[in-house]
Amino acid sequence: MTERLLVCGLGSGMDRSLAELRSPRRELVVVTDTPTERAREAADVLLVCDPADGTAVLAELSAAGIDRLDGVFSLGADNPPAVSVVAHRFGCPGLPLETALDCTLKDRRLAILREAGLDLPRFAAAESVAEALRAVAEVGLPAVIKPSDQTGSLGVVKVDSPGAVRELAAEALRLSPVGRIVVEEFLEGTEHTLAAFMVDGELHRFGFADREYGRKEEFAPYFFEGGDTLPSRLTGEQIEEVTDTVRRGALALRLDPAVINTDILRTRDGRVVLLEITCRITGARIATEVMRLATGVDPLPNVVRLALGRPLDLSELRPTRDGAAVQRFLPADGGVVEWVGDPRHVARRAGVHDVFWGIELAPGTLVPPYRGGADVLAGVIAYAGDTAEAEAIAERTLRALPLRFKAPTR
């Protein structure tokens, strides 16, 4: 019988991976709120709605007459609760809803990890500006304010002074659907992305990258993340220390069996702090393309096996390539577009995997000032034999983008 898979959500550019999921013995149902030509071509059934809204997804499936699914998973989108709701409704393998909520809602996740004894920033939750003022007093300055239930760095800001707390907390509360924020101690160090499968208490790492934060506070109070880099500059021993911390976090959150994505900070004095951990594949094309360019490991076949309740093929997680790959972003920070060309023209250079716009651009487009991780003007994925050359290719490519802004009027 043909297996029917639901791909619930496409993160930025993740529709490129859909073609690889096609199979003569597989029917692909895709739910997305941003349908593209690539998604339409790859999907057997394309449903358009918010992939993070489990109720809306179930309604669309019912309207389409779909009464059987064999597996459900997310492709890059940060929507584990919706995936759990749909999997439970159709009797598919998957994590319980409460587990998905534990790793999605920041205040719940932090409380569980603290109870398990993991090293965390000082933190406190708040549901009002008054509570936020008390939380900042408890945590100390500088601090980071985050909506508890948002993703993609939306509403995440650094607060340096008591006078800035009220306005920044009010904005973060406005952006939180559940009306709750987290105030965390601001820590400095290097940040890293670890991608892995957790099965039967064992963590099977298939990717490890350094996050690029050279311009982190250029748009204060917002943070700018410049991309990811492989291989990591950490030593093998340091990577294993980070991996053990992630394993402990996954166990505490009961993420088993699961594919997991993490954000880890290693402080200047060697502390390993687990900032984020969630039960989905790493998005923004990092796990499926950037890591794969460097290591040769394609995680998608095992993501499908996990969704169908089948054993992993661990041989597919062993690196077959020893190269370097980077993803680099340009921030969108105001201006009016005068002329824009096709970025694929600069993608023809050696070592360029892809070049893409982060937002729709046309002559006359007004680009807003930078306000967080979603405000990306353009990006490039580049690869080479070593990191320095991959970074140089990415930098040259971004400088050559076919884009011109109007000169500001005086």
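Everything discussed here concerns the structure shown above.
Quick summary incoming for the structure in this document. Chains are numbered independently. Their residues run from 1 in the order of the written sequence. Where totals are concerned, whole chains, interfaces and linings use all residues; where local detail is concerned, this predicted model gives features only for residues with pLDDT of at least 70, and gives and counts side-chain atom pairs only at 80 or more. Computation of side-chain values: all heavy atoms of the structure, hydrogens and water removed.

### Some details on the sheet that holds strand 7 (residues 157-159)
For sheets, the rule is that strands pair by backbone hydrogen bonds, running either parallel or antiparallel.
Okay, step 1: The rule for pairing is simple: two strands pair if DSSP sees at least two bridges between them. Strands here are runs of E lasting at least two residues and helices are runs of H or I lasting at least four, both read from the DSSP assignment and numbered beginning at the N terminus. The antiparallel open sheet is built from 4 strands, whose spatial order is 5-8-6-7. Both outer strands of the open sheet, strand 5 (123-126) and strand 7, are each paired with one neighbouring strand and no more. Across the sheet, the axes of successive neighbouring strands diverge by a mean angle of 25°, strand direction being ignored.
Okay, step 2: In this sheet, strand 7 lies alongside strand 6 (residues 143-147) in antiparallel orientation, the contact comprising 3 bridges. Axis definition: a line fitted to C-alpha atoms, limited for helices to the stretch in contact. Angles are taken between N-to-C directions and run from 0 to 180 degrees.

### Considerations on the side chain of Ser-148
Okay, step 1: With respect to the element layout, Ser-148 can be found in the loop between strand 6 and strand 7.
Okay, step 2: Owing to a relative accessible area of 0%, Ser-148 belongs among the buried residues under this scheme.
Okay, step 3: Throughout, a contact is declared for two residues whenever any of their heavy atoms are within 4.5 Å. The residues contacting Ser-148, other than those within four sequence positions of it, are Thr-104, Leu-105, Lys-106, Asp-107, Ser-176, Arg-180, Ile-181 and Val-182. For each residue, the accessible area found with a 1.4 Å probe, counting protein chains only, is set against the maximum for its type, and the residue is called buried under 20%, exposed over 50%, and partly exposed in between.

### Structural notes on the side chain of Asp-149
Okay, step 1: By secondary structure assignment, the location of Asp-149 is in the loop between strand 6 and strand 7.
Okay, step 2: Of the buried charged residues, Asp-149 lacks a salt bridge, with Arg-180 as the closest side chain of opposite charge at 6.7 Å.
Okay, step 3: Polar contacts here mean pairs of N or O atoms no more than 3.5 Å apart (in protein, one a potential hydrogen donor and the other a potential acceptor; neighbouring residues in sequence count only if both atoms are side-chain atoms). In terms of polar contacts, Asp-149 uses its side chain to reach the side chain of Ser-176, at 2.7 Å.
Okay, step 4: Sequence-distant contacts of Asp-149, defined by excluding residues within four places in its chain, comprise Leu-105, Ser-176, Pro-177, Val-178 and Arg-180. Within this scheme the basic residues Lys and Arg register as positive and the acidic residues Asp and Glu register as negative, but His and the chain ends are omitted. Put simply, a salt bridge is a Lys or Arg side-chain nitrogen that is within 4 Å of an Asp or Glu carboxyl oxygen.

### Focus: the pattern of salt bridges
Okay, step 1: Tallied over the entire structure, the rule returns 40 salt bridges.
Okay, step 2: Close ionic contact of Glu-20 with Arg-292 constitutes a salt bridge, the shortest N to O distance being 2.8 Å. Of this pair, Glu-20 sits in helix 1 (residues 18-21) while Arg-292 is found in helix 10 (residues 286-295), placing the two residues 272 residues apart along the sequence.
Okay, step 3: Glu-20 sits in the partly exposed class, given a relative accessible area of 42%.
Okay, step 4: Overall, the relative accessible area of 26% leaves Arg-292 in the partly exposed class.
Okay, step 5: Here Arg-109 and Glu-276 are joined by a salt bridge, their closest N and O atoms 2.7 Å apart. A residue pair is termed long-range when its members are at least 10 positions apart, and Arg-109 in helix 6 (residues 106-115) and Glu-276 in strand 13 (residues 272-278) qualify at 167 residues.
Okay, step 6: Its relative accessible area of 2% is what places Arg-109 among the buried residues.
Okay, step 7: With relative accessibility at 23%, the residue Glu-276 sits in the partly exposed group.
Okay, step 8: When salt bridges with common partners are traced through the structure, they connect Arg-16, Arg-285, Glu-289 and Asp-354 into a single cluster.

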